[in-house]
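Examining the three-dimensional arrangement
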Amino acid sequence: MIALDTNILARFYVDDPGDPEAAKQRPIARRILMDSPSLFVPLTVTLELEWVLRAFYRFAPGQIVAVFEHLLGLDQVNTEEADRIAVALPLTENGMDFADALHLAGSVHCQALYTFDDRGFARRARRLTDATPVVVPTQQLDNP
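Residues numbered from 1 in each chain as written. Predicted model: local features only at pLDDT ≥ 70, side-chain atom pairs only at ≥ 80, totals over all residues. Heavy atoms only, no water.

**Structural notes on the overall build of the chain**
Stated precisely, the cut-off is as follows: Elements are defined by DSSP. Helices are runs of H or I of four residues or more, strands are runs of E of two residues or more, and each kind is numbered from the N terminus. Only protein chains enter the accessibility calculation, which uses a 1.4 Å probe; a residue whose area is less than 20% of its type maximum is buried, one above 50% is exposed, and one in between is partly exposed. The contact rule is simple, with two residues in contact once any of their heavy atoms fall within 4.5 Å. All accessible-area figures derive from a Shrake-Rupley calculation using a 1.4 Å probe, and residue coverage is judged against the displayed protein chains alone. Note on charges: Lys and Arg go in the positive column, Asp and Glu in the negative column, and His and the chain ends are not counted at all. Positions of charges follow a simple convention, taking NZ of Lys, CZ of Arg, CG of Asp or CD of Glu.
When its secondary structure is counted, the chain shows 7 helices and 5 strands. Counting the 144 residues in the chain, one finds 37% classified as buried. Taking the contacts inside the chain whose residues are at least 6 apart along the sequence as the reference set, 50% of them involve residues at least 24 apart. Taken as a whole, the chain presents about 8,500 Å² of accessible surface, with 51% of it coming from carbon and sulfur. Averaging the locations of the 13 positively and 20 negatively charged side chains of the chain gives two centres separated by 6 Å.

This is the structure we're talking about:
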């Protein structure tokens, strides 16, 4: 099994014809992903890939979700925490930050997830899911 870094996946999924390095590297990335019998994508790489797609390449949430759905569907690719990522994708597509969606998807076994991010996270979570409650603590808690 071969592990992949973010830049391999970015070259595979992003056509960046204005970048000469990308033009050279994209065919290599395509061969790696299509011809390798067993690949591994760490969860940290998925987080970084989402950031690169969103912040650098300006992908919309739906485009990012499509990339991850494709990646998760590749038989030769073992993506760490694939089920967790799959749970996070609809939340991301509906406006939740991908990292927050992963936090929430990884907290399903908890009675609550505490955050001070009321607007960006807690309110969206309440609107999008009734899974683990996302709570903004407003006073000192005796037993966190």
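**Regarding the pattern of salt bridges**
Stated precisely, the cut-off is as follows: By definition, a salt bridge exists where a carboxyl oxygen of Asp or Glu is found within 4 Å of a side-chain nitrogen of Lys or Arg.
Overall, the coordinates contain 6 salt bridges when judged by the stated rule. Close ionic contact of arginine 54 with glutamate 50 constitutes a salt bridge, the shortest N to O distance being 2.8 Å. With arginine 54 and glutamate 50 both in helix 3 (residues 43-56) and 4 residues apart, the pair spans about one turn of that helix. Since its relative accessible area comes to 33%, arginine 54 is described here as partly exposed. Residue arginine 126 is joined to aspartate 118 by a salt bridge in which the shortest nitrogen-to-oxygen separation is 3.3 Å.

**What about the confidence of the model for the chain?**
Counted only if it meets this: Confidence of the predictor at the level of single residues is given by pLDDT, which spans 0 to 100.
Across the chain, the average pLDDT comes to 92, with 97% of residues at or above 70. Averaged over each element, pLDDT in the chain is lowest for helix 7 (residues 118-128) (86) and highest for strand 2 (residues 39-41) (98).

**With respect to the environment of arginine 58**
With respect to the helices and strands, arginine 58 occurs in the loop between helix 3 and helix 4 (61-73). Note on arginine 58: relative accessible area 64%, which makes it exposed. Along the primary structure arginine 58 and valine 87 are separated by 29 residues, whereas in three dimensions their C-alpha atoms are 23 Å apart. Residue contacts for arginine 58: discarding those within four places in its chain leaves Leu53 and Gln63.

**Some remarks on the sheet that holds strand 2**
The following threshold applies: Strands are labelled as partners when DSSP assigns at least two bridges between them.
If you walk across this open sheet you meet the 3 strands as 1-2-3, and the pairing is parallel. Bordering the open sheet on either side are strand 1 (2-3) and strand 3 (77-79), each of which pairs with just one other strand.

**Here's the deal with the nonpolar core**
Filter applied, for reference: What is meant by a nonpolar core is a set of buried Ala, Val, Leu, Ile, Met, Phe, Trp, Tyr and Cys residues, joined one to another through side-chain atoms within 4.5 Å.
Membership of the largest hydrophobic core comes to 37 residues, with the highest contact counts inside it found for Leu9, Leu33, Phe68, Leu71 and Leu104. Among the elements of the structure, helix 1 (6-13), helix 2 (20-35), strand 2, helix 3, helix 4, helix 5 (82-93), helix 6 (98-105) and helix 7 are those that each provide at least two residues to this core. Beyond its immediate stretch of four places on either side in the chain, leucine 33 contacts Leu4, Ile8, Leu9, Phe12, Leu39, Leu71, Leu74 and Gln76.

**A short note on the packing of helix 6 against helix 7**
Definition in use: The angle between two axes is taken between their N-to-C directions and runs from 0 to 180 degrees, where each axis is a line fitted to C-alpha atoms and a helix contributes only its stretch in contact. Angular relationships are summarised with four words: roughly parallel below 35 degrees, roughly antiparallel beyond 145, roughly perpendicular across 65 to 115, and oblique for the angles in between. Here is the rule for handedness: rotate from the far helix to the near one, and if that takes an anticlockwise turn smaller than a right angle the crossing is left-handed, while a clockwise turn gives right-handed. Throughout this entry, Asp, Glu, Lys and Arg are counted as charged residues, while Ala, Val, Leu, Ile, Met, Phe, Trp, Tyr, Cys and Pro are counted as nonpolar. The remaining residues, Gly among them, count as polar.
Interhelical geometry of helix 6 versus helix 7 gives an angle of 55 degrees and a closest axis separation of 11 Å. The angle between helix 6 and helix 7 places the two elements in the oblique class. Here the hand of the crossing between helix 6 and helix 7 comes out right-handed. Across the interface between the two elements, Asp100, His103 and Leu104 from helix 6 touch Gly120, Phe121 and Ala125 from helix 7. Of the residues that constitute the contact of helix 6 with helix 7, the class distribution is 3 nonpolar, 2 polar and 1 charged.

**Focus on unusual backbone geometry**
Even without being a glycine, arginine 58 presents a positive backbone phi close to 60 degrees. Even without glycine at this site, glutamate 81 takes up a positive phi of about 60 degrees. With respect to the helices and strands, the residue glutamate 81 is situated in the loop between strand 3 and helix 5.

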